[in-house]
Amino acid sequence: DAGVIQSPRHEVTEMGQEVTLRCKPISGHDYLFWYRQTMMRGLELLIYFNNNVPIDDSGMPEDRFSAKMPNASFSTLKIQPSEPRDSAVYFCASSAPNTGELFFGEGSRLTVL
Amino acid sequence: KNQVEQSPQSLIILEGKNCTLQCNYTVSPFSNLRWYKQDTGRGPVSLTIMTFSENTKSNGRYTATLDADTKQSSLHITASQLSDSASYICVVSDYKLSFGAGTTVTVRA
């Protein structure tokens, strides 16, 4: 298996622009997580899905952030409009039904100027 | 509030030496404790997962210990290699995951 695949790996954009991050989980995993990592706050859970249904989005910082999972093999995290404080590395992770072990993607490094 | 505290924040060791990282937590109830290794610019990778009943678990040169009574865990790296240079993150689970801030290990030749 190729693992969790995220795109883009790097994104540089200007304040006010829309940003869309993409994730393909490992086939057969029924949980998908979006995390944000910064030096100041470490890894923070933004939202997670179970069987494509959003379960807990309490970590989403504000209405500018939204996430969707239209099918079992694809999810997006959208920021509109983006702000400089959104600059971070965004990780997608998926987990298998029984073990709960998390498999992370390589992350999308976002820089908002 | 559930917390996971890791120490030290960073350390530097010479290649071939051993080191031990600490993790103290207040998460309750406790389901499992995980250690992840994160190389610079990469995503975290699981090293070990321990449940309440497990005291020690090894993965190659990495050995994790758990004392659920004192709510402490350690990660021991034996005969360190340059490739061990990374951030090591302790994660404790009840119904959700609580992440430590990580310990940055630098192995020098």
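See the structure shown above.
Residues numbered from 1 in each chain as written. Chains lettered and ligands numbered in written order. Predicted model: local features only at pLDDT ≥ 70, side-chain atom pairs only at ≥ 80, totals over all residues. Heavy atoms only, no water.

Teacher, can you tell me more about the overall build of chain B here?
Helix and strand counts for chain B come out as zero helices and 11 strands. Counting helices and strands in the order they occur from the N terminus, chain B gives β-β-β-β-β-β-β-β-β-β-β. At 13 Å, chain B has a C-alpha radius of gyration in line with the 13 Å of a compact globule built from 109 residues. Projecting the C-alpha coordinates of chain B onto the three principal axes gives extents of approximately 40 × 25 × 20 Å. Partitioning the intrachain contacts of chain B with sequence separation of at least 6 by distance along the chain shows that 54% fall at a separation of at least 24. Approximately 5500 Å² of chain B is accessible, and the part contributed by carbon and sulfur atoms is 48%. Each charge class in chain B was averaged separately, 10 positive and 8 negative side chains, and the resulting centres sit 6 Å apart. (Helix = DSSP H or I, 4+ residues; strand = E, 2+ residues; numbered from the N terminus. Rg over C-alpha atoms; globule rule 2.2 N^0.38 Å. Contact = heavy atoms within 4.5 Å. Areas by Shrake-Rupley, 256 points an atom, 1.4 Å probe, with all protein chains shown as cover. Lys, Arg positive; Asp, Glu negative; His and termini not counted. Charge placed at Lys NZ, Arg CZ, Asp CG, Glu CD.)

For this particular structure, what's the right way to read the pairing of strand S6 (residues 56-59) of chain B?
On a regular strand, one side chain projects to one face of the sheet and the next to the other, so that they alternate. Residue and element names in this part refer to chain B. Relative to strand S7 (residues 62-67), S6 runs antiparallel, the two being bridged by four bridges. Across the sheet, Asn-59 pairs through a bridge with Tyr-62, a residue of S7. Hairpin remark: S6 followed by S7, antiparallel, with two residues in the connecting loop; positive phi at Gly-60, about 65 degrees. (Pairing = 2+ DSSP bridges.)

I tried to follow the state of the cysteines on my own but got confused; where do I start?
Think of a disulfide as a covalent bridge from one cysteine sulfur atom to another cysteine sulfur atom. All names here are of chain A. Summed over the entire model, instances satisfying the criterion amount to two disulfides over all chains. Bridging Cys-23 to Cys-92, the disulfide has an S-S length of 1.9 Å. A torsion of -65 degrees about the S-S bond marks the disulfide between Cys-23 and Cys-92 as left-handed. In this pair, Cys-23 is assigned in strand S3 (residues 19-24) and Cys-92 in strand S9 (residues 88-95), connecting sequence segments 69 residues apart. (Disulfide = S-S within 2.5 Å.)

Looking at this structure, how should I read the interface of chain B and chain A?
Reports often express the size of an interface as the amount of accessible area lost when the parts come together. Tallying the contact residues gives 13 residues for chain B and 12 residues for chain A. Both sides of the chain B and chain A interface together cover about 1100 Å² of buried area, and 53% of this is carbon and sulfur. Looking only at chain B, the three residues that lose the most surface to chain A are Arg-42, Pro-44 and Phe-99 of chain B, adding up to 36% of its buried area. Counting across the chain B and chain A interface gives one salt bridge. Glu-106 of chain A is paired through a salt bridge with Arg-42 of chain B; the nearest N and O atoms lie 2.5 Å apart. (Buried area = accessible area lost by both parts, 1.4 Å probe. Salt bridge = Lys/Arg side-chain N within 4 Å of Asp/Glu carboxyl O.)

Help me out: how do you make sense of the pattern of salt bridges in this one?
Between side chains of opposite charge, a pair can form when the charged atoms approach closely. All names here are of chain A. What the rule picks out here adds up to 12 salt bridges over all chains. The shortest N-O distance in the salt bridge between Glu-44 and Arg-41 comes to 2.6 Å. What you see here is one network of salt bridges that share partners, running through Glu-62, Arg-64, Glu-83, Arg-85 and Asp-86.

Where do I start with unusual backbone geometry in this structure?
Most of the time, phi is negative for any residue but glycine, and the peptide bond is trans. Here the bond from Ser-7 of chain A into Pro-8 of chain A is cis, since omega is -10 degrees, no more than 30 degrees from zero. Turning to its location among the elements, Pro-8 of chain A is positioned in the loop between strand S1 (5-7) and strand S2 (10-13). The peptide bond linking Gln-80 of chain A to Pro-81 of chain A adopts the cis configuration, its omega dihedral lying at -5 degrees. With respect to the helices and strands, Pro-81 of chain A occurs in the loop between strand S8 (74-79) and S9. Positive phi outside glycine occurs at Lys-71 of chain B, with the angle close to 60 degrees. The residue Lys-71 of chain B is located in the loop between S7 and strand S8 (72-77) in this model.

What am I meant to see in the packing of aromatic side chains here?
To describe a pair of aromatic rings, you give the distance between the ring centres and the angle between the ring planes. Within this structure, the stated rule accounts for 11 aromatic pairs over all chains. Taking 6.1 Å as the distance between ring centres and 20 degrees as the angle between the ring planes, the aromatic pair formed by Phe-33 of chain A and Tyr-35 of chain A counts as stacked. In this structure Phe-33 of chain A comes out as buried when scored by relative accessible area, which is 11%. For Tyr-35 of chain A, a relative accessible area of 2% puts it in the buried group. Seen from their ring centres, Phe-30 of chain B and Phe-52 of chain B are 6.4 Å apart, and the 55 degrees between their planes marks the pair as tilted. With Phe-30 of chain B in the loop between strand S3 (19-25) and strand S4 (32-38) and Phe-52 of chain B in the loop between strand S5 (45-51) and S6, this pair connects stretches of sequence that are 22 residues apart. Among the residues examined, Phe-30 of chain B registers a relative accessible area of 18% and is labelled buried. The class for Phe-52 of chain B is exposed, based on a relative accessible area of 53%. (Phe/Tyr/Trp six-rings, centres within 6.5 Å; stacked < 30°, edge-to-face > 60°. Buried < 20%, exposed > 50% of the residue type's maximum accessible area, 1.4 Å probe, protein only.)

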